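# Geometric and topological summary
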Amino acid sequence: MRLLKIVPDNTNIDFVRLRFWAFGLTTLLTLAAVALMPLKGLNFGVDFVGGIMIEESFATAPDQNKVRSVIDNLGFGDAQLQTVGGPTTLSIRLPRPETGDSAATNKVVEAVKAALTANFAGAKFSKQDAVSGKVSGELVQRGLLAVVLAVIGICLFAIFRFEWQFGVSTGVAIMHDVLMTLGFFALTQFEFDLNIVAAVLTIISYSINDKIVIDDRIRENMRRYRKMDMREIINLSVNETLPRTVMTSLTILLALFALLIFGGHVLRGFTAAMILGVFVGTYSSIYVSSSLLITLGLRAEPIASDKPLKASMAGNAERVGPKDI
């Protein structure tokens, strides 16, 4: 039985030839992602901003102005509404009560449920969540710290495991992946909560796994083909690891698309981030991280010269005279 081969064994794609186009595209997308975050902002969930989040399902798509008016009349503060998973489900965000205890929170939730049930036939309560402002501030700091420490740790590992060029290229590629994910959430306005922080860390781990495999093959080929040009070494290494990269990405995407279709709207943001991360991580591993090594001046290890050995042998021969024989 023949094995399925998506990438033929004799594949020889000149990836490095497109590196300047890839660098330009990467720079453009990164700048767009950075610009989107202050312009549109991230739709932070209750985990990061604090307050009460109530999810309500309706029989038909409700008039959001009417829903907001009904909730505002209760006197609990300004309500922020957002559709979740479809037009018939709304996420309602309210400020947390001043007392902050569970009894006051439950009172707000029950009042909102009763008002919506009375004004909208078929309205059903789905879930609720509440986080204090102090806890949300700590979660923001720890989430950001987790991402920063992960990136720094990975770069240091690449520097000590390989050479400094590998560490720099890995850091640039990972920051590209993270910024692409943040820009995606700013563009789509998916809710950004602790689940998405976990998705970002997972994207980093997937991306670095692919990069380390390619970097290790590049280093092996640098020692094996010391007279080969660096461009040829990188193309050879990427093509040798391409079947593994493609198969890994495809198997992960099969699971993620199944989760996206059948996992429900609760996991939609997490799954969308992971799918984007697989595409972006694969792209950056092939076109950004590897090709950047040439720009950083990485060269194959030179062959040790045998001239000193020959000179030493010639000197010994001169010192040996006929009487020594």
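Cut-off values and rules
Residues numbered from 1 in each chain as written. Predicted model: local features only at pLDDT ≥ 70, side-chain atom pairs only at ≥ 80, totals over all residues. Heavy atoms only, no water. Helix = DSSP H or I, 4+ residues; strand = E, 2+ residues; numbered from the N terminus. Buried < 20%, exposed > 50% of the residue type's maximum accessible area, 1.4 Å probe, protein only. Contact = heavy atoms within 4.5 Å. Core = buried A, V, L, I, M, F, W, Y, C linked by side-chain atoms within 4.5 Å. Axes fitted to C-alpha atoms, helices over the stretch in contact; angles between N-to-C directions. Parallel < 35°, antiparallel > 145°, perpendicular 65-115°, else oblique. Left-handed = near helix turned anticlockwise from the far one by under 90°. Nonpolar A, V, L, I, M, F, W, Y, C, P; charged D, E, K, R; others polar. Phe/Tyr/Trp six-rings, centres within 6.5 Å; stacked < 30°, edge-to-face > 60°. Salt bridge = Lys/Arg side-chain N within 4 Å of Asp/Glu carboxyl O. Expected span 1.5 Å × (residues − 1). Bend = angle between axes of the 7 residues up to and from the residue. Polar contact = N/O pair within 3.5 Å; in protein donor to acceptor, adjacent residues only side chain to side chain. pLDDT = per-residue confidence, 0-100.

## Some thoughts on the overall build of the protein chain
Broken down by element type, the protein chain carries 10 helices and 6 strands. Evaluated residue by residue, the protein chain yields a buried proportion of 41% over its 325 residues. For the protein chain, restricting intrachain contacts to residue pairs at least 6 apart in sequence, the fraction spanning at least 24 positions comes to 79%.

## Overview of the nonpolar core
Core analysis: the biggest nonpolar cluster contains 43 residues, and Phe-192, Ile-204, Ile-218, Met-230 and Ile-234 have the highest contact counts within it. Listing elements by their share of this core, those giving two or more residues are helix H5 (133-161), helix H6 (164-188), helix H7 (194-224), helix H8 (230-262) and helix H9 (268-295). The element that contributes the greatest number of residues to this core is H7, accounting for 12 residues. Ranked by size, the runner-up nonpolar core spans 18 residues in total, among them Val-67, Ala-79, Leu-94 and Phe-120.

## A short note on the packing of helix H1 (residues 19-40) against H6
The geometry of H1 relative to H6 is characterised by a closest axis approach of 8 Å and an angle of 45 degrees between their N-to-C directions. With respect to H6, the axis of H1 lies oblique. For the pair H1 and H6, the sense of crossing is left-handed. Each of Thr-26, Leu-29, Thr-30, Ala-33, Val-34, Leu-36, Met-37 and Lys-40 in H1 lies in contact with H6, whose residues at this interface are His-176, Leu-179, Met-180, Leu-182, Gly-183, Ala-186 and Leu-187. Residues belonging to the contact of H1 with H6 are distributed by class as follows: 10 nonpolar, 4 polar and 1 charged.

## A look at the side chain of Thr-245
With respect to the helices, strands and loops of the structure, Thr-245 is situated in helix H8. Here Thr-245 is in contact with Asp-210 and Thr-282, once residues within four sequence places are set aside.

## A look at the side chain of Thr-181
Here Thr-181 is to be found in helix H6. Look past the residues within four positions of Thr-181 in its chain and what remains in contact with it is Val-200, Ile-203, Ala-273 and Leu-276.

## Concerning the packing of aromatic side chains
One pass over the structure, following the stated rule, counts 8 aromatic pairs. Relative to Phe-192, the ring of Phe-185 lies with its centre 5.7 Å away and its plane at 90 degrees, an arrangement referred to as edge-to-face. Each member of the pair Phe-185 and Phe-192 is classed as buried. Here Tyr-283 and Tyr-287 contribute two aromatic rings whose centre-to-centre distance is 5.8 Å and whose plane-to-plane angle is 35 degrees, an arrangement assigned as tilted. Taken together, the residues Tyr-283 and Tyr-287, both in helix H9 and 4 residues apart, mark about one turn of the helix.

## Regarding unusual backbone geometry
Here Gln-189, not a glycine, exhibits a phi torsion of approximately 60 degrees, which is positive. Tracing the backbone shows Gln-189 in the loop between H6 and strand S6 (191-192). A relative accessible area of 24% places Gln-189 in the partly exposed class.

## Describing the pattern of salt bridges
According to the stated counting rule, one finds 7 salt bridges in the structure shown. The salt bridge involving Arg-217 is made with Glu-220; its shortest N-O contact spans 3.7 Å. Here the residue Arg-217 and the residue Glu-220 both occupy positions in helix H7, the gap between them amounting to 3 residues, near one helical turn. Since its relative accessible area comes to 35%, Glu-220 is described here as partly exposed.

## Regarding the environment of Ile-275
Note on placement: Ile-275 falls in helix H9. For the pair formed by Ile-275 and Phe-257, sequence separation is 18 residues and the distance between their alpha carbons is 7.8 Å. Ignoring sequence-local partners within four residues, the contact set of Ile-275 consists of Leu-253, Leu-256, Phe-257 and Leu-260.

## A few points about H8
Compared with an ideal rise of 1.5 Å per residue, which puts 33 residues at 48 Å, H8 spans 46 Å between its outermost C-alpha atoms and is within 8% of the ideal. Most pronounced at Leu-242, the bend in H8 amounts to some 45 degrees, and the proline Pro-243 follows within four residues. Put simply, Asp-229 is the residue that caps the front of H8, since its side-chain oxygen is 3.0 Å from the backbone nitrogen of Arg-231.

## Section: the packing of H7 against H9
H9 packs onto H7 with a crossing angle of 30 degrees between their chain directions and a minimal axis gap of 9 Å. In terms of their interaxial angle, H7 and H9 are classed as roughly parallel. When you trace H7 past H9, the crossing you get is right-handed. Class assignment for the residues of the contact of H7 with H9 results in 12 nonpolar, 11 polar and 3 charged.

## Observations regarding the environment of Ser-205
For Ser-205, the position within the fold is in helix H7. Residue class for Ser-205 comes out partly exposed when judged on its relative accessible area of 38%. Separated by 31 residues in sequence, Ser-205 and Ile-174 have C-alpha atoms that sit 9.5 Å apart.

## Description of the confidence of the model for the protein chain
Detail in the predicted coordinates should be disregarded across regions flagged by low pLDDT. Mean pLDDT over the protein chain stands at 77; residues scoring 70 or higher make up 82%. Predicted confidence for residues 303-325 stays below pLDDT 50, and this span has 5 contacts to residues more than four positions away or in other chains.

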